[in-house]
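Architecture and fold: a report
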Amino acid sequence: GQNIDQPTEMTATEGAIVQINCTYQTSGFNGLFWYQQHAGEAPTFLSYNVLDGLEEKGRFSSFLSRSKGYSYLLLKELQMKDSASYLCAVREDSNYQLIWGAGTKLIIKP
Amino acid sequence: DVKVTQSSRYLVKRTGEKVFLECVQDMDHENMFWYRQDPGLGLRLIYFSYDVKMKEKGDIPEGYSVSREKKERFSLILESASTNQTSMYLCASSAQGYSNQPQHFGDGTRLSIL
């Protein structure tokens, strides 16, 4: 069956680095998305990975290992505004649906 | 920038009422989606549409229907609202073509059924 696992909650310190993991088991794989969602707001797109390796985008990077069914989102130089939920989603095949993880709530402390 | 607009941010309705949630996107996207989001459960797909007048059931379609008469507009209908439909409802749209096309979301409608 389909399953995407993420930690429910993480806490980190302002200025530090945090890694949010996502593991998936799906019948197919056609890309993995990361989204950020602040409380009470819409999810916003952060990154997309379809090939193994690291994609860097400013303070945020996303890594994918297809053989391990594993991805992580790396946030550097954490700022208070990074307090949000981070959602991992997998596109299983050539249709346009996404399978969503339940999200990781990231709490940043001063 | 893609703009997905949902008609209401907050809505309160009574049990048994017929409820309409409207969503409009301005980027000529072919795909549109309706999700509900509940704490600890993540996003669950209710219905989606790949084209005008086309609709496909998602994971939890029971108690809902949809309408897509125009490309830019996708409506979610709660035929007879029940208290277990109290939730945050999110509309999204995406382009067809390459697999890297992300879904773009509206601000959501927080619906309470009393």
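This text goes with the structure placed above it.
Residues numbered from 1 in each chain as written. Chains lettered and ligands numbered in written order. Predicted model: local features only at pLDDT ≥ 70, side-chain atom pairs only at ≥ 80, totals over all residues. Heavy atoms only, no water.

Some thoughts on the interface of chain B and chain A
Between chain B and chain A, the contact holds 25 residues from the first and 18 residues from the second. Interface of chain B and chain A: buried area, both sides summed, is about 1,700 Å²; carbon and sulfur atoms make up 56% of it. For the interface between chain B and chain A, the tally reads 0 salt bridges. Of all the secondary-structure elements, those providing two or more residues to the side of chain B that touches chain A are strand S5 (31-38) and strand S6 (42-49) of chain B. Among the residues making up the side of chain B that touches chain A, the classes are represented as 12 nonpolar, 11 polar and 2 charged. (Contact = heavy atoms within 4.5 Å. Buried area = accessible area lost by both parts, 1.4 Å probe. Salt bridge = Lys/Arg side-chain N within 4 Å of Asp/Glu carboxyl O. Helix = DSSP H or I, 4+ residues; strand = E, 2+ residues; numbered from the N terminus. Nonpolar A, V, L, I, M, F, W, Y, C, P; charged D, E, K, R; others polar.)

Looking at the side chain of Asn31 of chain B
By the element assignment, Asn31 of chain B lies in strand S5. Filtering out sequence-adjacent residues up to four positions away, Asn31 of chain B remains in contact with Tyr96 of chain A together with Ser49, Tyr50, Arg68, Ala92, Ser93, Ser94, Ala95 and Gln96 of chain B.

Things to note about the pairing of strand S6 (residues 53-57) of chain A
Residues and elements named next belong to chain A. Strand direction decides the pairing type here: S6 and strand S7 (residues 60-65), joined by 5 bridges, are antiparallel. When the sheet's bridge partners are listed, Leu54 is paired in S7 with Phe63. Here S6 folds back onto S7, and the loop between the two strands holds 2 residues, one of which, Gly58, carries a positive phi near 65 degrees. (Pairing = 2+ DSSP bridges.)

A few points about the sheet that holds S7 of chain A
Residue and element names in this part refer to chain A. Spatially, S1-S3-S8-S7-S6 is the arrangement adopted by the 5 strands of the open sheet, whose pairing is antiparallel. In this open sheet, the two strands that pair with only one neighbour each are strand S1 (3-5) and S6. The sheet shows a mean angle of 15 degrees between the axes of neighbouring strands, direction not considered. Direction of pairing for S1 relative to strand S3 (residues 18-25): antiparallel, over a ladder of 3 bridges. Paired with Asn3 across the bridge in S3 is Gln25. (Axes fitted to C-alpha atoms, helices over the stretch in contact; angles between N-to-C directions.)

Don't take any of this as a statement about function, it's just geometry.
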